[in-house]
4 protein chains.
Amino acid sequence: MSTDRRDHLVALRRDFHRHPEPAWKEFWTTARIVTELERIGVDDYYVGREVLADERLAVPDDAELDEWMTRARDAGADPDLLETMDGGWTGAVAVVEQGEGPTVGLRVDIDGLPREESTDESHHPASEGFRSETGAMHACGHDAHATIGLGVIEAVKESDFTGTLKVFFQPAEEVIGGGRPMAESGHLDDIGYLFALHVGLDYPTGETVAGIGDFLAVTQFYTTFTGYPGHAGARPEEGHNAVQAMATAVQNLYGIPRHSDGASRVNAGRVGGGTASNIIPEEAFVHGEVRGETTEIRDHTFERARKVFEGAAISHDCEFDIEVEGEAPSAESDEELVEFVHDASMAHPGVTQATRRGAIGGSEDATFLMQYVQDNGGFATYVGVGTDHPGGHHTATFDVDEESLGLGVDVLTDAIEAVSQAQP
Amino acid sequence: MSTDRRDHLVALRRDFHRHPEPAWKEFWTTARIVTELERIGVDDYYVGREVLADERLAVPDDAELDEWMTRARDAGADPDLLETMDGGWTGAVAVVEQGEGPTVGLRVDIDGLPREESTDESHHPASEGFRSETGAMHACGHDAHATIGLGVIEAVKESDFTGTLKVFFQPAEEVIGGGRPMAESGHLDDIGYLFALHVGLDYPTGETVAGIGDFLAVTQFYTTFTGYPGHAGARPEEGHNAVQAMATAVQNLYGIPRHSDGASRVNAGRVGGGTASNIIPEEAFVHGEVRGETTEIRDHTFERARKVFEGAAISHDCEFDIEVEGEAPSAESDEELVEFVHDASMAHPGVTQATRRGAIGGSEDATFLMQYVQDNGGFATYVGVGTDHPGGHHTATFDVDEESLGLGVDVLTDAIEAVSQAQP
Amino acid sequence: MSTDRRDHLVALRRDFHRHPEPAWKEFWTTARIVTELERIGVDDYYVGREVLADERLAVPDDAELDEWMTRARDAGADPDLLETMDGGWTGAVAVVEQGEGPTVGLRVDIDGLPREESTDESHHPASEGFRSETGAMHACGHDAHATIGLGVIEAVKESDFTGTLKVFFQPAEEVIGGGRPMAESGHLDDIGYLFALHVGLDYPTGETVAGIGDFLAVTQFYTTFTGYPGHAGARPEEGHNAVQAMATAVQNLYGIPRHSDGASRVNAGRVGGGTASNIIPEEAFVHGEVRGETTEIRDHTFERARKVFEGAAISHDCEFDIEVEGEAPSAESDEELVEFVHDASMAHPGVTQATRRGAIGGSEDATFLMQYVQDNGGFATYVGVGTDHPGGHHTATFDVDEESLGLGVDVLTDAIEAVSQAQP
Amino acid sequence: MSTDRRDHLVALRRDFHRHPEPAWKEFWTTARIVTELERIGVDDYYVGREVLADERLAVPDDAELDEWMTRARDAGADPDLLETMDGGWTGAVAVVEQGEGPTVGLRVDIDGLPREESTDESHHPASEGFRSETGAMHACGHDAHATIGLGVIEAVKESDFTGTLKVFFQPAEEVIGGGRPMAESGHLDDIGYLFALHVGLDYPTGETVAGIGDFLAVTQFYTTFTGYPGHAGARPEEGHNAVQAMATAVQNLYGIPRHSDGASRVNAGRVGGGTASNIIPEEAFVHGEVRGETTEIRDHTFERARKVFEGAAISHDCEFDIEVEGEAPSAESDEELVEFVHDASMAHPGVTQATRRGAIGGSEDATFLMQYVQDNGGFATYVGVGTDHPGGHHTATFDVDEESLGLGVDVLTDAIEAVSQAQP
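Draft legend 1. Structural detail: the interface of chain A and chain C. If you look at the interface, chain A gives 48 residues, while chain C gives 49 residues. Roughly 3,800 Å² is buried in total at the junction of chain A and chain C, and carbon and sulfur atoms are behind 53% of that figure. Considering only the surface of chain A that becomes buried against chain C, Gln251, Ser277 and His394 of chain A emerge as the three largest contributors, covering 14% of it. Put simply, chain A and chain C have 4 salt bridges between them. The closest approach of N and O atoms between Arg115 of chain C and Glu282 of chain A, which form a salt bridge, is 3.7 Å. Seen at the junction of chain A and chain C, the total is 19 residue pairs in polar contact (both at pLDDT 80 or more). Counting only elements with at least two residues in the side of chain A that touches chain C, the list comes to helix H8 (242-254), strand S9 (264-274), strand S10 (279-280) and strand S11 (283-292) of chain A. Grouping the constituent residues of the side of chain A that touches chain C by class yields 18 nonpolar, 21 polar and 9 charged.

Draft legend 2. Highlighting the sheet that holds strand S1 (residues 45-47) of chain B. Residue and element names in this part refer to chain B. An order of S1-S2-S4-S3-S5-S14-S6-S13 is seen for the 8 strands of this open sheet, with the pairing classed as mixed. Each edge of the sheet is formed by a strand with only one pairing partner; in this case those strands are S1 and strand S13 (353-359). When the angles between neighbouring strand axes are averaged without regard to direction, this sheet yields 20 degrees. Bridge count between strand S6 (residues 207-213) and S13: 6 bridges; the pairing is parallel. Counterpart to Gly213 in the pairing with S13 is Ala359. Running over the sheet, helix H11 (residues 366-375) touches strand S3 (103-109), strand S4 (163-170), strand S5 (193-199) and strand S14 (379-385) and is turned about 150 degrees from S14.

Draft legend 3. Highlighting unusual backbone geometry. With a phi close to 55 degrees, Ala172 of chain B is a non-glycine residue in the positive phi region. According to the relative accessible area criterion, Ala172 of chain B is buried, its value standing at 0%. Its identity is not glycine, yet Asp202 of chain D carries a phi of approximately 75 degrees, on the positive side. By the element assignment, Asp202 of chain D lies in the loop between strand S5 (193-199) and strand S6 (207-213). What makes Asp202 of chain D partly exposed here is its relative accessible area of 48%.

Draft legend 4. Broad picture of the relation of the copies chain B and chain C. For the pair chain B and chain C, the superposition axis carries a translation of 0.1 Å, the fit reaches an RMSD of 0.1 Å, and the rotation angle comes to 180 degrees. Overall, the copies show the geometry of a two-fold rotation axis. Across chain B, the smallest distance between a C-alpha and the rotation axis is recorded for Gly255 of chain B, namely 2.3 Å. By residue overlap, the copies meet face to face through one surface: 100% of the interface positions of chain B are interface positions in chain C.

Draft legend 5. A look at the packing of aromatic side chains. Summed over all chains, the structure comprises 24 aromatic pairs over all chains. Aromatic side chains Phe215 of chain C and Tyr382 of chain C sit 4.7 Å apart centroid to centroid with 80 degrees between the ring planes, which places their arrangement in the edge-to-face category. Here the residue Phe215 of chain C occupies a position in the loop between strand S6 (207-213) and strand S7 (217-226), and Tyr382 of chain C occupies one in strand S12 (residues 379-385), the gap between them amounting to 167 residues. Relative accessible area serves as the criterion here: at 0%, Tyr382 of chain C is assigned to the buried category. Ring centres 5.5 Å apart and planes at 75 degrees place the aromatic pair Phe221 of chain D and Phe309 of chain D in the edge-to-face group. Placement of the pair is Phe221 of chain D in strand S7 (residues 217-226) and Phe309 of chain D in helix H9 (residues 295-315), with a sequence separation of 88 residues. Taken individually, Phe221 of chain D and Phe309 of chain D each receive the classification buried, so the pair is uniform in this respect. Chaining the aromatic ring pairs together yields one cluster made of Phe221, Phe225, Phe302 and Phe309 of chain A. The aromatic ring of Trp68 of chain C is capped on one face by Arg71 of chain C, whose charged end is 4.2 Å from the ring centroid.

Definitions and limits used
- Residues numbered from 1 in each chain as written.
- Chains lettered and ligands numbered in written order.
- Predicted model: local features only at pLDDT ≥ 70, side-chain atom pairs only at ≥ 80, totals over all residues.
- Heavy atoms only, no water.
- Contact = heavy atoms within 4.5 Å.
- Buried area = accessible area lost by both parts, 1.4 Å probe.
- Salt bridge = Lys/Arg side-chain N within 4 Å of Asp/Glu carboxyl O.
- Polar contact = N/O pair within 3.5 Å; in protein donor to acceptor, adjacent residues only side chain to side chain.
- Helix = DSSP H or I, 4+ residues; strand = E, 2+ residues; numbered from the N terminus.
- Nonpolar A, V, L, I, M, F, W, Y, C, P; charged D, E, K, R; others polar.
- Pairing = 2+ DSSP bridges.
- Axes fitted to C-alpha atoms, helices over the stretch in contact; angles between N-to-C directions.
- Buried < 20%, exposed > 50% of the residue type's maximum accessible area, 1.4 Å probe, protein only.
- Least-squares fit on C-alpha atoms with pLDDT ≥ 70 in both.
- Phe/Tyr/Trp six-rings, centres within 6.5 Å; stacked < 30°, edge-to-face > 60°.
- Lys NZ or Arg CZ within 6 Å of the ring centre and 35° of its normal.

By themselves, these observations are geometric and do not establish any function.
Pasting the structure below:
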């Protein structure tokens, strides 16, 4: 890859990094992707409602969407394009038809996380001046994913690939919200081969993993407790304390037993309750998730969680409500595609370690797309592109080594090209 | 009071102190009371089944009763008398008829507590050689109560009292079990005036309180959780963990809100669960109590406790069962009798501080007897006889100042005598 | 009182009710008070920094203050006056000099609560169109307090009162933040008699309480836990979970033992933590309070709370920090002033029940002002003016019966007048 | 195997089943083993102190040992032999020298569990009259282990085996107490090949597993909390509540995070505290364990547990103490021996399913013996012998299918014989 091309990828990534937008609010991001597609010369692309089935989970309320829409407009995104995304219909699909051949997909996710970014001088984006300007943060490398997705399009166009390439710029991965509606949008119906991508995952720059598997099945939930208020000094006995119910639930959620059939996970990742120090709290919530190495383990754990919430509510004479916000199944990578990625990696001079198989230890709604393709008789693999990252994923000091951008583009492009050339 | 008489009271108290027997197991104690009654020349007395209504709460199982029965026999109690107490029918009522006049009652309780006594040299019973020989302990002064009850009988017999005196040696106060069946035994039906007695209560030697009130209403309960076991290593997910349910309940019991109408109390005084470190616990229990400054507060708190138990059980998919073990109402002392005790106190040279009214801050099933008499149109008061006690009530170093034994006998005898003389 | 005057009070109260502003953000409210003072013809008044000592607790951050300042400006408050309140320096003191005589104070508080108001048709402010427009709510009657304070000024000016009247429009009562700095402002140094006021408190319209006492001493705190984040799926073991620490603290805070010396209170009124469902929470907080019937009980309870926080932090390997936000002592009403209020009540045709003494069962930082005056040799009383209120204090359906506005003005004016006439 | 021999094994197993003795109290059991050894004609055996290194964990106190010693004597065990076991020195090693050849070991554990056995008629031992007579229960099949160990000796003596066979009748497996001292006793120094045995483990009758692995490393602990008592009614604030500390610890122990490197386990298997419902509890304990798929995971989890205990103690102003009671490492089975067992299984007509490898999902202190042999250059395997068991391991209705006794003896004998014949 040329130095110019590399520099362009870095600039593009920093542009995305400066404008992280959490799930369903990727207005500026989607618009920036479209701008780049047009620069590359791709005019067959679809945006928002065109790339998502109707049913979506975990969509923020209108006020919040409007706030981010305004922010995207103020940051220079095309107002007409933004209008098509009204209601949080973000994301895009780019199509490159290049002669006869297989239809190959590449899925990259594009959302940021609702957390502050480090201001520490040792944090590269802070010292180099491309730290987040939105209050959110690209703390999981999706800025690099969007960049690599665009880079692959440009590189494939210049390669010997024959067939059709579709790149799926998927929104709302972090809330496990975008995978399912994109999988069911119709755009995947003709995909024979699907690559998905993640950078980092504790693999250093120079290492690739051709097929990641063992994704944990996950269910995200939002549980509310409703009690009855009371003056904490004058009438404590009148209160039905929703915060006590929530605290009881948190204690017992984490205490759900481990499962002997495999890994399970529980997290009460965001909680809150009450309005003032002197009022017995009337409302509280737990925004959390359970995971399992298999769907059965996850479901067993979630059934336990339901009991925990019910019991906690009864203990403090509160009502409760559990809303499932997002779900993703497990998935495995197919050997057929692992082979192509592994070969492309072995052939690349920048790859110092080409690993065939890895486990992510986490969850991903790419699994919806992978499953959809596999159910149709196609093949899918989830590719890891190593990158030195100082802080862990989702922490304030996460960053990617920009060296890995070009490497990711190269390996994926070569694998995609190889797929087309392997056809009889 | 003569020195001989005082020495006798001290010896008697030490005898009781050496043989503490918890609720419904006062076999040796009852037998010792009978022996003393016979020494004094009282032959109109009733024991066990004769002094208790049929329905009793918190009676230990047969194995435990047998064990203590055997111990009492081994310690020299009259086997024939013991036989009448089979089944835990302990306690006695002594009757002294002494001419025309009112029927006056004195209630003293006689049970010990299931706790170890201090072996510290600074603990008087340890250094003087009359420490408990049973594993239980007179940690609440009921040894002094039994002693004073007997001392009053002897003193009244020598006084100008005319009428009938009944002394109620009540068992099972500590489990709030003996008050109700003794109140309903029929022996109180003709009582016009009832005195109840407690030593200590943080009042020093030389101080008396003529009328203690503000007893907290109390409910004692025994709750069991039943889950399902599982091997902690191989099948943790199979367990329905009764110990987690119990811990959840304990946390939330103590978290039941305070009440703005007055004092409330909660205690999970004895808990347990499980069988081995590597089995998910199938069984657990909470032996506890709630109290309230009024019966309403207690009932409100107990209703909350029921919710807590229900919720804790559901949280861990366990069954639960709540058994009410004992209950006692609130009660107040009547001014009519307070007067007599106060006058007797003022007249006694050993009394350095005569207080009219006090609050106990605790519960007592003497309230059943007091209420019974008051409901019949009679009067009742609960008298405090101060005694220096190094450790708090119910602790391992509780002890009474034996100086207060004679003083208690004197004041009560004088008050009882005054009652009879005040009759028209 | 004339019908016009009554109608004016009602209109004024509804104006305040429409614009509730929580502690230190009473910008519009203070400006409205000033406007009314000028209408009445009082030009000797002081605002903001002039009525508060330098040290204040629980002041919101600048962003929040600015937001409410802007809202006040948008709602029509005088921009110049608002500017003097920059930094949250709210509240006012009005002075009416009317010849020779005692200096009498009346303290009313003016802040709203950070809670939503009911939209139910049965809720009078909703159906009558004066529901809150700010998102906060006058759920404790401070709208009525401000109104009565202004009404008393107008009525006193027309009465036979001779002396000086100062009315203290105190901010930030709900966070126990305004009482101390206003007490120490210098404006109370010459007060010989201080009246404080509260409507409602479960007393119906037509009932007054001449002297409320038994205020609970209170300490409000803000505790933060700081742990370490981790990906909930991939690296749960790396997290030091601040939400678990917080939940542990909540469970044990409410479990702090009751105190036998008198009432105690604990509340974790507002809590929160974490950022996303799939991140092990790094931060959490508890905004709460403890109270005691005496300062000793409160301090004992707070010491326990410190232990609870420390232990909770250690259990989950987190750091913690406790910030004391507000404190108020206990206080009692002086018989000297109780007398005047009781007499005024007895003489008023609208008063159907004149009670001499009551207990509030809550806390109040009026106690700082009362104590200040009492320490200077003056007298203080806390007056209750009954009002039918459908919902409890601090709930979404709290409302005052506007009939009580005029009655409150009358009784207080009469009592103030009587004070001046009783001087030799 | 002859019918007589089978009947003998069944009778022997029922004898053991009737007399279950928990860890370090296997007095009757050891004596019964010796009687059988003598019947078989083995006179080279070692007992108690002769088969254990000095340092032992989790030994009960003298009173408890004496009680079980007496019970063993009353049940007919040889008093002289019992005397050598004084202090809980139980267990035995039998040695059969049979010409030149390898030294082969077989380890069987012999202790029962401290739990009640079912009395249900559907429970075979209950309906057939060999239910436990001791109050404990053979709920994990160690009665079958001891029986098979003895059966193998008799069968090996009649086989073509040449070499030395040592059978290790290990005590105290359930508390992970006996494995280490037996491993370090010197008797394993010359073992070249070690078989360990477990029946059941959810494998049905007819199935064998030649090499079980993936044992979880385990640490068992006994934690005590010491607070300060108080009268629950009169002085609740004086108490430092050890039961609240324990409940807090239980809640947070189970809440220790899962580990992404592999399985972990936590159990508070037996807990208790307090003495009476009306005393604030002064003492409480947690008898529990942590496990990990690796030693590192276990140690990480245990470090978290220490924090949990420390924090819980501080929260309630209690002291705490953690005693490690038992520990066992992980272990794997060696392919060299797996081969022999698998071949013997395949050749046996009663084996319907011969599995090569399995995972136990639990812990075992056989791992100490396996590691010891492996560290000396020898080989070890842990063999599973299936048996239909109606209830799960450690539950009240656990039972073994006696058909599997003979099968176990056959397969192990054949494998042992094959080892000797495979020597050059």
